[in-house]
Amino acid sequence: MASESVLHVAISGRAGRVEARVPALPVRPDPRGGYRFVDPDFGASFFPLLWDEMPLADRSGSPWARRDVCFACRATLPDDGHPERMLFGVVVPKLDPIEVDLVLPITRCASCDEPQIVERNRSVEMDLSNALVAGLDAARVRA
Ligand SMILES: [Zn+2]
């Protein structure tokens, strides 16, 4: 692997309720212009690993009366999130940890103050994915 050709570019994008910034995404220069992912598996690895880091609220109750509960103390959560900045470190095999700086709709538990994402209709996951794709497009990074 020609590791000397790895560069780092900053990407940032937003979609829906999510703002995403990756200050140093490892990429390779593309002879046709712009950049490519550092290796062909990167795209398939990165997003699921990032999503695994998200502090998702739990769901509880019967299928007819579901409610969102705190993952730490089980208190019932309100369904309103407010923008909060959170930093994550994504460990992709064979690469240094990749810092990801996000603004997400965060709900704070009234009992224990644990920040978490109350995820209805998986919209946060879609917003996060779209924000990253917007950032990749703007920086001319292709899979
Ligand atoms: Zn709690």
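Residues numbered from 1 in each chain as written. Predicted model: local features only at pLDDT ≥ 70, side-chain atom pairs only at ≥ 80, totals over all residues.

**Some words on the pairing of strand β6 (residues 82-90)**
Along any regular strand the residues' side chains alternate between the sheet's two faces. Our working definition: Residue burial is a threshold on neighbouring C-beta atoms within 10 Å of the residue's own C-beta, all placed from the backbone, with 20 or more meaning buried, 12 or fewer meaning exposed, and counts in between meaning partly exposed. Secondary structure elements are defined from DSSP: runs of H or I of at least 4 residues count as helices, runs of E of at least 2 residues count as strands, and each element is numbered from the N terminus. Only when DSSP finds a minimum of two bridges between them are two strands counted as paired.
Counted residue by residue, β6 has 0 buried out of 9 residues, so it is predominantly exposed. Across 9 bridges, the pairing between β6 and strand β7 (residues 98-108) is antiparallel. Its bridge partner lying in β7, Glu84 is registered against Leu104.

**Topic: helix α1 (residues 42-52)**
Worth spelling out the cut-off: Along the arc lie the directions from the helix axis toward the C-beta atoms. We call two residues in contact when the distance between their C-beta atoms, placed using the backbone, is within 7 Å.
Along α1, the residues that are buried comprise Phe42, Phe46 and Leu50. The arc that holds every buried residue of α1, seen down its axis, measures 40°, which confines them to one face. Exposed and oriented more than 90 degrees from the buried face of α1 are Ala44, Pro48 and Asp52. If you follow the buried residues of α1, they end up packed against β3 (35-37), β6 and β7.

**Quick notes on helix α2 (residues 123-138)**
Note the threshold: A helix's residues, less one, multiplied by 1.5 Å, set its expected span.
The end-to-end C-alpha separation of α2 is 22 Å, in line with the 22 Å expected for 16 residues at 1.5 Å each. All buried positions along α2 are accounted for by Val124, Leu128, Ala131, Leu132, Gly135 and Leu136. Along α2, the residues classed as buried sweep out an arc of 135° about the axis, all on the same side. Summarising the contacts, the buried residues of α2 are in contact with β1 (7-15), β2 (18-29), β7 and β9 (141-142). Arg140 occupies a position one or two residues after α2 and carries a positive phi of about 60°.

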